[in-house]
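Coordinate inspection notes
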Amino acid sequence: MGDIIDLTLLTDVRRYFQKLLEARGLPYFLQKESKRLFQIEPARVELVLRTALRMRDPGLPKPPPQAIEHCRQEIRRELIRRVANAMLQTGL
């Protein structure tokens, strides 16, 4: 049986991620004091997830753990894509 993905949660997570990205920018999601040049700050990813979960309609059932993990992976993939794009634009 396939994994169950809560599409409303995924939509909410993407919307809050986009709002935070527009407000704070890409560097907000990167660690400041990191050994690697571009390393994602896990706490910022969790912030997006917690916000989306908190803002859900209370009448909706709690999403399964697989759906939450899928959303986490989607945010990380998007951040990696944006970081790679930024690195290409700067010539790194």
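Overview of the structure. (Residues numbered from 1 in each chain as written. Predicted model: local features only at pLDDT ≥ 70, side-chain atom pairs only at ≥ 80, totals over all residues. Heavy atoms only, no water.)

The tendency in soluble globular proteins is for nonpolar side chains to be buried side by side. Counting residues in each nonpolar core, the largest one holds 21 residues, and the members touching the most others are Val13, Phe17, Phe29, Val48, Ile75 and Leu79. If you list the elements that add at least two residues to this core, you get α1 (7-24), α2 (42-54) and α3 (65-90). The element best represented in this core is α1, accounting for seven residues. (Core = buried A, V, L, I, M, F, W, Y, C linked by side-chain atoms within 4.5 Å. Buried < 20%, exposed > 50% of the residue type's maximum accessible area, 1.4 Å probe, protein only. Helix = DSSP H or I, 4+ residues; strand = E, 2+ residues; numbered from the N terminus.)

Moving on: the packing of α1 against α3. Running from N to C, α1 and α3 cross one another at 35°; their axes reach a closest spacing of 10 Å. Helix-helix and strand crossings are classified by hand; for α1 and α3 the assignment is right-handed. Residue-level contacts link Leu9, Leu10, Val13, Arg14, Phe17, Gln18 and Leu21 of α1 to Ala67, Ile68, His70, Cys71, Glu74, Ile75, Glu78, Leu79 and Arg82 of α3. Broken down by class, the residue content of the contact of α1 with α3 amounts to 10 nonpolar, two polar and four charged. (Axes fitted to C-alpha atoms, helices over the stretch in contact; angles between N-to-C directions. Left-handed = near helix turned anticlockwise from the far one by under 90°. Contact = heavy atoms within 4.5 Å. Nonpolar A, V, L, I, M, F, W, Y, C, P; charged D, E, K, R; others polar.)

The topology assignment puts Ile68 in helix α3. Note: C-alpha distance between Ile68 and Pro58 (10 residues apart in sequence) is 17 Å. In this view, Ile68 contacts Leu9, Leu49, Leu53 and Pro63; residues no more than four positions away in its chain are not counted.

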